[in-house]
Amino acid sequence: MTISSHSGRSVAEVTVEAARSGELALDDIRISRETLLVQAETAERTGSAQLGMNLRRAAEMTALSAEDMLAAYEALRPGRSTFAELEELAQRLAAQEAHICAGFVREAAEVYQRRGLLR
C-alpha cells in the first residue's frame, strides 16, 4: 500500500519545499483513514491490540470536521453535558461511521453518571 495523506497526496510529495512554496493544504499533511487502518492491522498482527484499537479510532476521526471534534471534546468535559446529550453525541458519531468513538462516548456517559459528573 502507498502511504498517502488525507487529500490523497503521496508522502513523497509532502516536502518542506512544497510547504514553503505554499503548494500544501491542511489535508495534504493529515494522515488518511486508509493509512491508519493499515497501521492498525500491522499493530494487531504484531500483538499490539490496544495500539491497533487506538489507530482504528483515529481512522474514524479523520471523517469528522474540526468543529465536530472540538464539540465532542467540549461535551465530554465533566459537568458540561447531560446523559441525554452524550447519547445524542454518540448517535451523531455513529451516523458518521465513528462507531468506536460513539462507544467511548456511551461509556463515558455511564461513568459520568455513576460518578456524578453530568450536568
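Residues numbered from 1 in each chain as written. Predicted model: local features only at pLDDT ≥ 70, side-chain atom pairs only at ≥ 80, totals over all residues. Heavy atoms only, no water.

As recorded in an unreviewed UniProt entry, the protein goes by Propanediol dehydratase small subunit and comes from Mycolicibacterium frederiksbergense.

S.K.: Would you mind going over a nonpolar patch on the surface in detail, with residue names and values included?
M.R.: Taken together, the side chains of Val 14, Leu 26 and Ile 29 define a hydrophobic patch exposed on the protein surface, amounting to about 290 Å² of accessible area. Structurally, the position occupied by Leu 26 is in helix H2 (residues 26-29). (Patch = residues over 30% accessible without salt bridge, like charges linked within 9 Å, V, L, I, M, F, W, Y side chains within 5 Å. Areas by Shrake-Rupley, 256 points an atom, 1.4 Å probe, with all protein chains shown as cover. Salt bridge = Lys/Arg side-chain N within 4 Å of Asp/Glu carboxyl O. Helix = DSSP H or I, 4+ residues; strand = E, 2+ residues; numbered from the N terminus.)

S.K.: Which residues make up the side chain of Ser 32, and what values go with them?
M.R.: Position of Ser 32 relative to the elements: it lies in the loop between H2 and helix H3 (33-45). Judged by its relative accessible area of 2%, Ser 32 falls in the buried class. Apart from the residues lying within four places of it in its own chain, the contact partners of Ser 32 are Ser 4, Ser 5, His 6 and Thr 62. (Buried < 20%, exposed > 50% of the residue type's maximum accessible area, 1.4 Å probe, protein only. Contact = heavy atoms within 4.5 Å.)

S.K.: Just give me the short version of the layout of surface pockets, but keep the residues and values in it.
M.R.: Each pocket or cavity is described by its volume, and for the largest pocket that value is around 210 Å³. Every residue lining the largest pocket is listed: Arg 57, Met 61, Leu 64, Asp 68, Met 69, Ala 72, Tyr 73, Leu 76, Leu 93, Cys 101, Phe 104 and Val 105. Elements supplying a minimum of two residues to the lining of the largest pocket: helix H4 (49-61), helix H5 (66-75) and helix H7 (99-115). Top contributing element to the lining of the largest pocket by residue count: H5, with four residues. The class makeup of the residues in the lining of the largest pocket is ten nonpolar, no polar and two charged. (1 Å grid on protein atoms, 1.4 Å probe; cavity = no way out; pocket = protein on both sides within 12 Å on 5 of 7 lines; lining within 4 Å. Points joined across faces, edges and corners; volume = space filled by probe spheres on them. Nonpolar A, V, L, I, M, F, W, Y, C, P; charged D, E, K, R; others polar.)

S.K.: How would you summarise the nonpolar core if you had to cite specific residues and measurements?
M.R.: Within the largest apolar cluster, 17 residues are counted, with the highest numbers of intra-cluster contacts made by Leu 86, Leu 89, Leu 93 and Val 105. Those elements that place two or more of their residues in this core are H5, helix H6 (83-95) and H7. The leading source of residues in this core is H7, at six residues. Setting aside residues no more than four positions away along its own chain, Leu 86 makes contact with Ala 75, Leu 76, Ser 81, Val 105, Ala 109, Tyr 112 and Leu 118. Ranked by size, the runner-up nonpolar core spans five residues in total, among them Leu 36, Ala 40, Leu 55 and Ala 59. (Core = buried A, V, L, I, M, F, W, Y, C linked by side-chain atoms within 4.5 Å.)

S.K.: Go over the pattern of salt bridges, please, and point to the residues and values.
M.R.: In a structure, side chains of opposite charge can pair up when their charged atoms sit close to one another. Overall, the coordinates contain seven salt bridges when judged by the stated rule. Here Glu 74 makes a salt bridge to Arg 77, at a shortest N to O gap of 3.4 Å. Linking Arg 92 and Glu 88 is a salt bridge whose minimum nitrogen-to-oxygen distance equals 3.0 Å. Here Arg 92 and its partner Glu 88 are both found in helix H6, four residues apart, which amounts to about one turn of the helix. With relative accessibility at 42%, the residue Arg 92 sits in the partly exposed group. Look at Glu 88 and you get partly exposed, because its relative accessible area is 46%.

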